[in-house]
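Breakdown of the fold
Residues per chain are reported as follows:
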Amino acid sequence: MVQRVFSGIQPTGTLHIGNYFGAIRNWASLQEDHDCVYCIVDYHAITTEIDPKVLRAASRSMALDLIACGIDPQRTILFTQSAVPEHTELAWIFGCVTGYSDLARMTQFKNKSAGKKFVSAGLFIYPVLQAADILLYRATGVPVGEDQVQHVELSRRIARRFNARFGEFFPEPEPIVGKGARVMSLADPAIKMSKTAGEAHYIGVMEDERSIHSKIRSAVTDTGLKPGATMSLGVANLFEVLDLSGGLLGDRSAAAELRTEFESGKLMYSRLKDTVFENLMEVLRPIRQRRRELEASGIVEDILREGANKARVIARENMTKVREMAGLVIR
Ligand code: TYM
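What follows concerns the pattern of salt bridges. Summed over all chains, the structure comprises 26 salt bridges. Here Glu146 makes a salt bridge to Arg182, at a shortest N to O gap of 4.0 Å. On the criterion of sequence distance, the pair formed by Glu146 in the loop between strand 4 (141-143) and helix 9 (149-166) and Arg182 in the loop between strand 5 (174-176) and helix 10 (209-217) is long-range, its members being 36 residues apart. Overall, the relative accessible area of 43% leaves Glu146 in the partly exposed class. Accessibility expressed as a relative area gives 38% for Arg182, which makes it partly exposed. Of the charged contacts in the structure, one is a salt bridge between Glu209 and Arg285, with a shortest N-O distance of 2.9 Å. Here the residue Glu209 occupies a position in helix 10, and Arg285 occupies one in helix 13 (residues 269-297), the gap between them amounting to 76 residues. Through salt bridges with shared partners, one network takes in Arg60, Asp65, Arg291, Glu295 and Glu301.

One non-glycine residue with positive phi stands out, namely Arg138, at about 50°. Of note, Arg138 is situated in the loop between helix 8 (126-136) and strand 4.

Position of Ser214 among the secondary structure elements: in helix 10. We classify Ser214 as partly exposed; its relative accessible area is 43%. Considering only alpha carbons, one finds Ser214 and Lys273, 59 residues apart in sequence, at a separation of 10.0 Å.

Domain assignment breaks the protein chain into domain 1 (4-182 + 298-326) and domain 2 (208-292). Between domain 1 and domain 2, the C-alpha centre-to-centre distance is 32 Å. Taken together, the 13 residues of domain 1 in the interface contact twelve residues of domain 2. Linking domain 1 to domain 2 there are one salt bridge. Among the salt bridges present, the one from Asp65 reaches Arg291, with a minimum N-O distance of 2.6 Å. Applying the counting criterion to the domain 1 and domain 2 interface returns three residue pairs in polar contact (both at pLDDT 80 or more). Contributing elements (two or more residues each) for the side of domain 1 that touches domain 2: helix 1 (17-30) and helix 3 (52-68).

What counts, and where the lines are drawn
- Residues numbered from 1 in each chain as written.
- Predicted model: local features only at pLDDT ≥ 70, side-chain atom pairs only at ≥ 80, totals over all residues.
- Heavy atoms only, no water.
- Salt bridge = Lys/Arg side-chain N within 4 Å of Asp/Glu carboxyl O.
- Helix = DSSP H or I, 4+ residues; strand = E, 2+ residues; numbered from the N terminus.
- Buried < 20%, exposed > 50% of the residue type's maximum accessible area, 1.4 Å probe, protein only.
- Domains from an automatic or database assignment.
- Contact = heavy atoms within 4.5 Å.
- Polar contact = N/O pair within 3.5 Å; in protein donor to acceptor, adjacent residues only side chain to side chain.

Quick look at the structure:
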């Protein structure tokens with residue numbers, strides 16, 4: 001049987017190259033031989049404050065980004081989470097088999113709540129909704145970047161708890177983590193690339209070319225160029241982006257050549273940065289071109305509606321079974 005894969009992305013702001021290299025390009029390649037369900041998780045997005053108008057536009061925009069990155073709505077179910085309310089229903093049931101202390105341990109919760117005056121209960125139970133997303137489709141594979149692995153592991157635990165209490169029903173999903181699972185910020189290579197860290201910390205897939213150039217140009221490196229020196233985090237991150245781009249372009253020679261120069265202490269970082277920029281733009285240009293064409297075609301609403309209809313068929317069927325197992329009213 002073909003393995004079912006599920007993954008999600010928050011429609012907060014723009015898609016960055018960490019999302020792309022860490023997750024989305026894997027989402028695209030998994031379509032070749034898996035049954036894929038991909039979701040724009042707007043319920044998750046409201047765990048922190050976001051203007052409703054901005055959110056709606058961002059969900060639509062994320063759908064365009066994903067299709068431009070190669071998510072194919074003909075083969076794959078692509079939809080918005082809130083169009084399938086069964087996600088929240090299953091999340092409630094899962095909340096009743098999830099330990100409070102399991103949630104309190106989540107690294108993302110600790111990071112996102114640190115120093116905040118108001119922390120919503122939604123942010124705390126965020127991983128429960130994530131488990132519901134995955135398991136509502138009884139998916140067994142979850143392509144994600146490294147920062148989401150802990151949440152997928154919690155989903156396994158939740159599946160086990162549900163099965164032990166109500167009977168065997170859910171599989172234990174496995175994270176699928178590829179190369180590029182942790183792209184770091186260019187401005188501060190000690191932290192991961194993210195939208196929340198601020199403008200300087202990420203490169204948007206659709207960002208203005210000049211702006212990308214200037215961000216790469218000002219990426220943090222180091223001053224030492226001695227032969228045999230250990231690579232600093234910033235330089236290693238630039239090489240990582242170069243390797244990932246070269247991998248997609250099918251030509252890793254630029255990275256290999258520059259690595260040799262680094263080892264002999266001769267590498268000029270300005271050359272490294274220009275090469276990173278050129279290779280990255282070669283990866284991004286066709287995506288941006290497709291995005292422009294799609295935007296003009298105006299078909300994204302239909303794609304999302306159709307995706308939600310398909311997702312709902314699976315969701316309804318599984319929820320009927322879950323309700324029955326948990327002793328809840330069968331509708
Ligand atoms: P989100 O929206 O923060 O990120 C989407 C995907 O991008 C990956 N990612 C990265 N990969 C490499 N380097 C980085 N710097 C980087 N930053 C982000 C993330 O690991 C993720 O795979 N909670 C999830 C969304 C979600 C979900 C789900 C995922 C909701 N339900 C069910 C999988 C299954 C999130 O906030 O991802």
